[in-house]
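# Notes for the structure review
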Amino acid sequence: MSPDSSLLRRIIRGSALYDLIVTLPFATPWTAEAVLSLMRWTHESLSLGGEAMPAFSAMPLFFVSLFGVLAVLWAVVRVVQPTAFHGAVDTVGRAVVATWMVLALSQGATQVLIVFLVMELAGMFAQGGLLLASRKVREGVPATTR
């Protein structure tokens, strides 16, 4: 898992801890509703572009919480086992999530999403860059061609 596999594990674990902190509040309907209200308040207070977060009824809130639980579980897996495989899967997931965020922003979603987008891209490039470097080392690519 080199180049410095301990660095790669720390990056994977760090991005997992970030995900855990950010997604844990979405794991219950009560806390998710509070976070969505905070996002709505932030949007309105800063007069951001795009559409403010709407108030969610029971079914959308259920899905928010369901995906919050899944994101928390995935984060726990990466905190406990920060393997290159988990980092690679997470990097692909971050690319997909970032793509959906860009799509939502292009369709008029609140610009509060930009903060989340920046963090997704940062995690994607940090993990992805180290994973690509470690793959080149495993394949024996000389340092001068990297």
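Presented here is a report on the structure given in the accompanying data block. The structure presented is a predicted model; accordingly, all values stated were derived computationally and were not measured. (Residues numbered from 1 in each chain as written. Predicted model: local features only at pLDDT ≥ 70, side-chain atom pairs only at ≥ 80, totals over all residues. Heavy atoms only, no water.)

As a further point, take the packing of helix α1 (residues 5-23) against helix α4 (residues 84-106). Put simply, α1 and α4 touch, their axes get as near as 10 Å, and they point 50° apart. Here α4 runs oblique to α1, going by the angle between their axes. Note that α1 runs across α4; the crossing there is left-handed. When α1 is examined against α4, the residues Leu8, Ile12, Ser15 and Asp19 are found in contact with a partner set consisting of Ala84, Gly87, Asp90 and Arg94. Classifying every residue of the contact of α1 with α4 gives 3 nonpolar, 2 polar and 3 charged. (Axes fitted to C-alpha atoms, helices over the stretch in contact; angles between N-to-C directions. Helix = DSSP H or I, 4+ residues; strand = E, 2+ residues; numbered from the N terminus. Parallel < 35°, antiparallel > 145°, perpendicular 65-115°, else oblique. Left-handed = near helix turned anticlockwise from the far one by under 90°. Contact = heavy atoms within 4.5 Å. Nonpolar A, V, L, I, M, F, W, Y, C, P; charged D, E, K, R; others polar.)

Turning our attention to the side chain of Asp90. In this structure, Asp90 sits in helix α4. Among residues more than four places away in sequence, those in contact with Asp90 are Ser15, Asp19, Trp74, Arg78 and Gln127.

Before going further, it helps to examine the packing of helix α3 (residues 58-80) against α4. Running from N to C, α3 and α4 cross one another at 145°; their axes reach a closest spacing of 10 Å. The crossing of α3 and α4 is left-handed. Here α3 contributes Trp74, Val77 and Arg78 to the contact with α4, which in turn contributes His86, Val89, Asp90 and Arg94. A per-class count over the contact of α3 with α4 returns 3 nonpolar, 1 polar and 3 charged.

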